[in-house]
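Examination of the molecular architecture
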Amino acid sequence: MADLPDVPSMLEAAVDALSGTHREGQAAMALAASEAVDRREHLVVQAGTGTGKSLAYLVPAVRHAMAARTTVVVSTATIALQNQLIDRDLPRLARALAPMLPREPTFAVLKGRRNYLCRNRLQNADEEAEDTELFDPRQLSSLGRQVSRLHEWAEETVTGDRDELDPGVSDLAWRQVSVGGNECVGARACPFGQECFAEFAREAAGGVDVVVTNHAMLSIDMQQDFHLLPEHDTIVIDEAHELVDRATSVATGTLTERAVNTAAKRASRLVEAGISERLTECADGLAMMFTEAPDGRMDQIDDGLAGAVAATRDAASACVTAIGPSPGDLDPDTAVDRRMALAALNEVHDAAVSVLQTYDKALRDRTEVVWLTKAPSRPPSLNVAPLSIGGLLRDKLFGDRTVVLTSATLTLGGDFRALAGQWGLGREVTEEDADRAARGLGPASTPATGAVGEDGDEDGPHRAEGEPRWRALDVGSPFEHARRGILYVATHLPQPGRDGLDPAYLDEIAELVEAADGRALCLFSSMRAAQQATEELRERLDHPILCQGEDSTGRLVSRFAEEERSCLFGTLSLWQGVDVPGPSLSLVIVDRIPFPRPDDPLSSARQRSVSAHGGNGFLSVAATHAALLLAQGTGRLLRTTEDRGVIAVLDPRLAKARYGGFLRASLPPYWGTSDPEVARSALRRLAAAPAEPAAAAIG
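This is a predicted model, so every value here is computed, not measured.

With that out of the way, let us pick up the environment of aspartate 302. Looking at the secondary structure, you find aspartate 302 in the loop between strand S7 (296–297) and helix H13 (303–323). Look at aspartate 302 and you get partly exposed, because its relative accessible area is 41%. Separated by 3.0 Å, the side chain of aspartate 302 and the backbone nitrogen of glycine 304 make a polar contact. Among the polar contacts made by the side chain of aspartate 302, one reaches the main-chain amide nitrogen of leucine 305 at a distance of 2.7 Å.

Written out as structure tokens, the structure is:
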């Protein structure tokens, strides 16, 4: 298929067919992605909201897949974008491009096995749920009703995909009818292997042009010895700012009393009672040690807890040994029991080993961090996670394929190096580097910039041997940020404290909301602050205030969009998950700079590690985290080229602190002010005449 149209021609045809608008940034991104694939170089692209980045990467992805007779993988962070690509963008694009291509492009979605209903597991779902003693009778009754509904749904569904179940069911109910990849016995051994939804999905993904998956699935694929994704040479990672957190989550081991009890219960069906009972006793021992141990990061582990973890490791190993290798002639039910038992036992064993091995190294040399989590609504858990995921990504993601990473927010503090360092990428390839390489010379010598990656090493003048080659591109945004949005920093307020919202903050929020006539999304750094503001301001304001947690997030956002004078108060998930274009949102309030909590185990350990190796731990970890969230949160304001309004950051440190410049450089170029009356006047004009031109409304 060497005679395929070029990418600019395909993009132009697609935009025309979809009644879209031709955008320079979209065209630049599509061409850069195509060139990156041809050069076998990685590409990092920041594409602001409204660029049309999905089409900008899908068009070159389709062309490369058809030209090279291969598959291109597209990975997203959220279910919403995954569904948008599969249900809307790709079908429309395929129809638009079909007249100019030899055939219509093909695509499929592929998720982790746990997302699909397992018919074999469903057959046994009526049995008593594991660890039911942890739930009261009302919960178990609800569980039974949900499982019964899943039986009915199994007779209707074509895909078995949990995301298509509406309304959904609890995680506990879904666990009764699904299996993870390490629990599945495989299609050959399973009595329902010919009817397996997960296998159907994998078959559908084989040989198509574009496979859409998610970052968790991609991370699992990287961290296993066998591949779940079809063979491919190119990956597009959308919402790339989420990649590190998702990959870290997959790489995190967890040890809980429930997990150990579950492993013991599964093993008891296959081994002598005395062997599995040892593991049950270990679960009790862990629970007792968890009660006595302090919550949070554990730089040292006391002898009692270390002994309990070691005993758990040894008991799990003994169960695995007792189960032994598969004889090969097991009946299907026994094969299922064996696979599920080994999966649970290995997870417990591996987590225990990782915890104990962490303490074999001096504090400065550790590559993992261990912490204990205690929450009122959940049982305690002992967690172990890598301090850096960059090495894994460098070896497993960037090693043998082309990767295009894109998001609306990738430049932090004004450049790409902060996130590039976390991904395991070294110094960017420059045009001078490319020219010198073409002439057989080494990389250009450039001054060290002092940018620090997650591992604490500063970018030096040369690329290390074997580092991935990558280029960066910022295609901008079609939005006129300086004319459409005001960034108001309340420098007259006191610095935020730790004992709830200062009364001055509540007064400021009330005045801004009154000026905007509602229409406010208020983003708080903690749920306690969101609830405090909701309770106090409901008594002072006539506008409906919706608070996260009072209903599902989706329904709250829908109500917020429908009721123009309403306000939505919430915390972390709203910083990235709200898309409300139009007059319902003209004010975004941020109560404080979203630094990670000082006692956050992973963040604090990463800061300490960077500092111990000569870097700036605060800037590399805490400030980078804050910049990313701040850019995402403030990005809720302008969702279309017609939107306009005010972003109010109540934390004066954004203007006064030394790191404030770094944070502001991570934001689009809004028009700035610290005068509260300027902000309120602009909001009043918008509320009175929302349809008037932006220049007259807030200029």
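Here strand S16 (residues 587–590) shows no split at all, with Leu587 and Ile589 on one side and Val588 and Val590 on the other all buried. Looking at chain direction, strand S13 (residues 520–523) and S16 are connected through four bridges and run parallel. Across the sheet, residue alanine 520 finds its bridge partner in S16, namely leucine 587. Two strands pair when backbone bridges link them, and S16 and strand S17 (residues 645–649) are joined in this way by four bridges, in the parallel orientation. Looking at S17, one finds that isoleucine 589 is bridged to alanine 648.

The subject of this paragraph is the pairing of strand S1 (residues 42–46). In terms of burial, S1 is largely enclosed, as five of its five residues are buried. Neither face of S1 is exposed, since His42, Val44 and Gln46 on one face and Leu43 and Val45 on the opposite face are all buried.

Another point: helix H8 (residues 197–205). Among the residues of H8, Phe197, Ala198, Glu199, Ala201 and Ala205 are the ones counted as buried. Looking one or two residues beyond H8, the residue adopting positive phi is glycine 207, at roughly 90°.

A word on the nonpolar core. Counting residues in each nonpolar core, the largest one holds 88 residues, and the members touching the most others are Ile237, Leu393, Leu397, Leu405, Trp423 and Leu663. If you tally residues by element for this core, the top one is helix H24 (residues 617–634), at eight residues. Among all residues touching leucine 393, those that are not within four sequence positions of it are Met222, Leu243, Ala247, Phe398, Gln422 and Trp423. Counting residues in hydrophobic clusters, the runner-up holds 38 residues, among them Ala293, Val309, Ile323 and Leu372.

The subject of this paragraph is the sheet that holds strand S6 (residues 253–256). Reading across from one edge, S6-S9-S8-S7 is the order of the four strands in this open sheet, with antiparallel pairing throughout. Taken across any chain shown, the strands that pair with only one partner, and hence form the sheet edges, are S6 and S7. Where strand S8 (residues 368–375) lies against strand S9 (residues 378–386), seven bridges are found, and the strand directions are antiparallel. When the bridges of S9 are listed, valine 369 appears paired with alanine 385.

The rules behind these values
- Residues numbered from 1 in each chain as written.
- Predicted model: local features only at pLDDT ≥ 70, side-chain atom pairs only at ≥ 80, totals over all residues.
- Heavy atoms only, no water.
- Helix = DSSP H or I, 4+ residues; strand = E, 2+ residues; numbered from the N terminus.
- Buried < 20%, exposed > 50% of the residue type's maximum accessible area, 1.4 Å probe, protein only.
- Polar contact = N/O pair within 3.5 Å; in protein donor to acceptor, adjacent residues only side chain to side chain.
- Pairing = 2+ DSSP bridges.
- Core = buried A, V, L, I, M, F, W, Y, C linked by side-chain atoms within 4.5 Å.
- Contact = heavy atoms within 4.5 Å.

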